[in-house]
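So the chains spell out like this:
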Amino acid sequence: MPDGLDEAVLTARIEAGNAALREAGFDAVPCLIDTSPDRAEATVREHLQEHAFGLAMIGGGVRMLPENTLLFERLVNVLSDAAPGIRLCFNTAPENTVEALRRWIQA
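The structure displayed is predicted, hence computed values, not measured ones.

What counts, and where the lines are drawn
Residues numbered from 1 in each chain as written. Predicted model: local features only at pLDDT ≥ 70, side-chain atom pairs only at ≥ 80, totals over all residues. Heavy atoms only, no water. Helix = DSSP H or I, 4+ residues; strand = E, 2+ residues; numbered from the N terminus. Rg over C-alpha atoms; globule rule 2.2 N^0.38 Å. Buried < 20%, exposed > 50% of the residue type's maximum accessible area, 1.4 Å probe, protein only. Contact = heavy atoms within 4.5 Å. Areas by Shrake-Rupley, 256 points an atom, 1.4 Å probe, with all protein chains shown as cover. Core = buried A, V, L, I, M, F, W, Y, C linked by side-chain atoms within 4.5 Å. Expected span 1.5 Å × (residues − 1). Arc of directions from axis to C-beta. Salt bridge = Lys/Arg side-chain N within 4 Å of Asp/Glu carboxyl O.

1. Brief notes about the overall build of the protein chain
Then comes step 1: In terms of helices and strands, the protein chain carries five helices and two strands.
Then comes step 2: When the helices and strands of the protein chain are listed from N to C terminus, the series reads α-α-β-α-α-β-α.
Then comes step 3: For the protein chain, whose C-alpha radius of gyration is 13 Å, the value lies close to the compact-globule estimate of 13 Å for 107 residues.
Then comes step 4: By its C-alpha atoms, the protein chain is 35 × 35 × 20 Å across when sized along the principal axes.
Then comes step 5: Within the protein chain, the proportion of its 107 residues that are buried is 30%.
Then comes step 6: Long-range contacts, defined as pairs at least 24 residues apart, comprise 64% of the intrachain contacts of the protein chain with a sequence gap of at least 6.
Then comes step 7: Surface accessibility of the protein chain: about 6,800 Å² in total, with carbon and sulfur atoms responsible for 52%.

2. Observations regarding the nonpolar core
The nonpolar side chains of soluble globular proteins are, as a tendency, buried together.
Then comes step 1: Membership of the largest hydrophobic core is limited to 12 residues, which are Ala40, Val44, Leu48, Ala56, Ile58, Val62, Leu71, Leu75, Val78, Leu79, Ala83 and Ile86.
Then comes step 2: Listing elements by their share of this core, those giving two or more residues are α2 (37-50) and α4 (69-82).
Then comes step 3: The greatest single-element share of this core, amounting to four residues, is contributed by α4.
Then comes step 4: Setting aside its immediate chain neighbours within four residues, Val78 contacts Glu41, Val44, Arg45, Leu48 and Ala83.
Then comes step 5: Core analysis: the second largest hydrophobic core is formed by seven residues, Leu21, Cys89, Ala100 and Leu101 among them.

3. Structural notes on α2
Then comes step 1: Compared with an ideal rise of 1.5 Å per residue, which puts 14 residues at 20 Å, α2 spans 20 Å between its outermost C-alpha atoms and is within 8% of the ideal.
Then comes step 2: Taken residue by residue, α2 has Pro37, Ala40, Glu41, Val44, His47 and Leu48 as its buried positions. Angularly, the buried residues of α2 cover 125° about the axis, an arc narrow enough to put them on a single face. Away from the buried face of α2 by more than 90 degrees, exposed residues Asp38, Arg39, Gln49 and Glu50 are located.
Then comes step 3: Where the residues of α2 are buried, they touch α4.

4. Examining the pattern of salt bridges
Then comes step 1: Scanning the model with the defined rule gives five salt bridges in all.
Then comes step 2: Linked by salt bridges that have partners in common, Asp38, Glu41, Arg45 and Arg74 make up one network.

5. What about the environment of Leu88?
Then comes step 1: Within the secondary structure, Leu88 is located in strand β2 (residues 87-89).
Then comes step 2: Owing to a relative accessible area of 22%, Leu88 belongs among the partly exposed residues under this scheme.
Then comes step 3: Considering only alpha carbons, one finds Leu88 and Arg22, 66 residues apart in sequence, at a separation of 19 Å.
Then comes step 4: Those residues in contact with Leu88 that sit more than four places away from it in its chain are Leu55, Ala56, Val76, Leu79 and Trp104.

6. Some words on the environment of Cys31
Then comes step 1: You can see Cys31 is positioned in the loop between α1 (7-23) and α2.
Then comes step 2: On the basis of relative accessibility, which here comes to 29%, the residue Cys31 falls in the partly exposed class.
Then comes step 3: Along the backbone, Cys31 and Gly17 are 14 residues apart, and their C-alpha atoms lie at a distance of 13 Å.
Then comes step 4: If we ignore the near neighbours within four places in the chain, the residues touching Cys31 are Thr43, Val44 and His47.

What follows is the structure in C-alpha cells.
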C-alpha cells in the first residue's frame, strides 16, 4: 500500500471505479494482482487465456511506487508478448479510470 493509504478506503475507491466503468458501458474485467512479479505475471497470463482484450490498464499502485518498477516492467512485457496489439492506458486514481479508457476506445 502506498504511504498514508488505507486498504479499505482504496478498495472502496477501486470498486466505485469498476462500477463507473460498467455504468459507462465498458465490458471491464478486473484483474487484481499480487506484488510478486512472478505471481502477477501468472495471474495476467491466466486472464489473457480466458478473455480477449484490446486494452489493459495498469493502475497507479503498480506504476507510481518505485519498489514496483520490476512488477510494472513485467506486466508491460507480458501484456505485449501474450496479447500482441493490445493498447495500454493508465489512470492516476480509481476515480479517473473511465477517462483513461476513453482516451483509447469508446464504449
